[in-house]
Amino acid sequence: MLPVVDRPLIQYAIDEARKAGIEQFCLITGRGKDSLIDYFDMAFELETTLRERGKTALLEALQPSSIEAGSLTAVRQQEPLGLGHAIWCARSFIGDDPFAILLPDDIVQGEQGCVKQLVDVYNETGGNVVAVSEVPKEHTNRYGILDVGHDDGKLVEVKGLVEKPDPADAPSNLSIIGRYVLLPEIMTHLSKLERGAGGEVQLTDAMAKMIGGAPFHGLRYEGIRYDCGDKAGYLEAQIAFALERPDLREAMRGFIKKYADA
Ligand code: G1P
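Small disclaimer: the values here were computed from a predicted structure and weren't measured. (Residues numbered from 1 in each chain as written. Predicted model: local features only at pLDDT ≥ 70, side-chain atom pairs only at ≥ 80, totals over all residues. Heavy atoms only, no water.)

Okay, unusual backbone geometry next. Of note, lysine 164 is a non-glycine position whose phi angle comes to about 45°, a positive value. Locating lysine 164 in the fold gives a position in the loop between strand S9 (155-163) and strand S10 (174-182). Residue classification places lysine 164 among the partly exposed residues on the basis of a relative accessible area of 39%. One non-glycine residue, leucine 193, lies in the positive phi region at around 50°. Relative to the helices and strands, leucine 193 is located in the loop between helix H8 (186-190) and helix H9 (203-208). (Helix = DSSP H or I, 4+ residues; strand = E, 2+ residues; numbered from the N terminus. Buried < 20%, exposed > 50% of the residue type's maximum accessible area, 1.4 Å probe, protein only.)

Here you go:
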């Protein structure tokens, strides 16, 4: 629910998924995170009051959080056993269909939408597709890292995947960002609930087991990713997204100049 400019991170994730044509959403939440689900309910009292008082601009600002009835569901991850375990908790929702995963602490700025680009690749190649970007070698221990096969500069054949390797052991510096399009077969591997890096059930380990079956690609997507799980990344996202807004751009530029010169 952390806001960037004037909307919570979850809103950016839902908007990006919608842009890719996705119509059914499942939030994987846990203890103390009910506000994520409540956010998508109609704020009946507030909306009625605003309507009565003719405050249409404020009423319109609530629109993005409205979602078609029946299109949003949620499952609970009762224990924080890792990302792989979280995804496995949604197995009934996913059923037999390919699906996208968006980790909302990563937000991606750009015209096209990152998941839309993954879906476009999926429609051409089939199989699994993950969004990737280069990171400094010393940061490989923060991400899932690719072992790279054929690479045409945009689309990369995935030969192997390692979760958070030490820089010395990392097969490349190409990291997975929090956007995936995966085949439902991943659930077979996740259901074993094997522990990996950090003692957690890792999505990366289950994905690694799918290599060699269906095609598996990494996409150097177009757009800029901000890691809002990191303090500096979160602050950078505020600046970048505010500068994109016509109503805030000038004020923001003024602030940046003022504080940069101080
Ligand atoms: C998770 C994944 C990791 C991926 C990262 C992207 O890590 O396990 O492979 O690179 O998201 O943000 P986390 O950020 O949960 O530690």
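Enumeration according to the criterion identifies zero disulfides in this entry. In this model cysteine 26 remains outside any disulfide bridge; the closest cysteine sulfur is found in cysteine 89, 9.5 Å from its own. (Disulfide = S-S within 2.5 Å.)

Near the ligand you find 14 residues, and of these Asp106, Gly144, Glu163, Lys164 and Ile176 are the closest. Between the ligand and the protein, one listed contact pairs an oxygen atom with a side-chain N or O atom of glutamate 163 at 2.7 Å. In the complex, 77% of the free accessible area of the ligand, which totals 380 Å², lies under the protein chains. The element contributing the most residues to the shell around the ligand is S10, with four residues. (Near = heavy atom within 4 Å. Polar contact = N/O pair within 3.5 Å; in protein donor to acceptor, adjacent residues only side chain to side chain. Areas by Shrake-Rupley, 256 points an atom, 1.4 Å probe, with all protein chains shown as cover.)

Let's shift gears to helix H10 (residues 231-243). Taking 1.5 Å of rise per residue, the 13 residues of H10 would be expected to cover 18 Å, and the 19 Å separating its terminal C-alpha atoms lies within 8% of that figure. Every buried residue belonging to H10 is among Gly233, Tyr234, Ala237, Ala240, Phe241 and Ala242, and all of these are buried. In the core, the buried residues of H10 are packed alongside strand S1 (3-4), helix H1 (9-19), strand S6 (106-109), strand S12 (224-227) and helix H11 (249-261). (Expected span 1.5 Å × (residues − 1). Contact = heavy atoms within 4.5 Å.)

Summed over all chains, the structure comprises 14 salt bridges. Salt-bridge contacts for lysine 164 lead to glutamate 163; the nearest nitrogen and oxygen are separated by 2.9 Å. Three or more residues are tied together by salt bridges with common partners; here these are Asp6, Arg7, Arg245 and Asp247. (Salt bridge = Lys/Arg side-chain N within 4 Å of Asp/Glu carboxyl O.)

Turning our eyes to something else, we now look at the environment of serine 71. Mapping serine 71 onto the fold places it in the loop between helix H4 (56-61) and strand S4 (72-76). Taking the C-alpha atoms as reference points, serine 71 and isoleucine 22, 49 residues apart in sequence, are found 9.9 Å from one another. The residues touching serine 71, leaving out its near neighbours within four places in the chain, are Glu23, Gln24 and Phe25.

On inspection of all chains with the given rule, the structure shows three aromatic pairs. Ring plane angle 80° and centroid distance 4.8 Å describe the contact between tyrosine 39 and phenylalanine 40, whose orientation is recorded as edge-to-face. Residue phenylalanine 40 is classed as buried on the basis of its relative accessible area of 6%. Among the aromatic residues, those joined into a ring-pair cluster are Tyr12, Tyr226 and Phe241. (Phe/Tyr/Trp six-rings, centres within 6.5 Å; stacked < 30°, edge-to-face > 60°.)

So, about the nonpolar core. Counting residues in hydrophobic clusters, the biggest one holds 26 residues, and the most contacted among them are Ile186, Leu190, Leu203 and Met207. Excluding residues within four positions of it along the chain, isoleucine 186 makes contact with Phe99, Leu203, Ala206, Met207 and Met210. Counting residues in hydrophobic clusters, the runner-up holds 14 residues, among them Leu118, Ala131, Leu155 and Tyr221. (Core = buried A, V, L, I, M, F, W, Y, C linked by side-chain atoms within 4.5 Å.)

As a further point, take the side chain of serine 133. The topology assignment puts serine 133 in strand S7 (residues 128-134). For serine 133, a relative accessible area of 17% corresponds to the buried category. Setting aside its immediate chain neighbours within four residues, serine 133 contacts Asn173, Leu174, Ser175, Ile177 and Tyr221.

A few words on the side chain of threonine 204. With respect to the helices and strands, threonine 204 occurs in helix H9. Each residue touching threonine 204, except ones within four places of it in the same chain, is listed here: Gly144, Leu161, Val162, Glu163 and Ile176.

With that settled, the discussion passes to the pairing of strand S5 (residues 99-102). Side chains of S5 alternate between two faces, with Phe99 and Ile101 buried and Ala100 and Leu102 left unburied. Judged from the four bridges that link them, S5 and S10 form a sheet pairing that is antiparallel. Residue pairing in the sheet places alanine 100 in a bridge with valine 181 of S10. (Pairing = 2+ DSSP bridges.)

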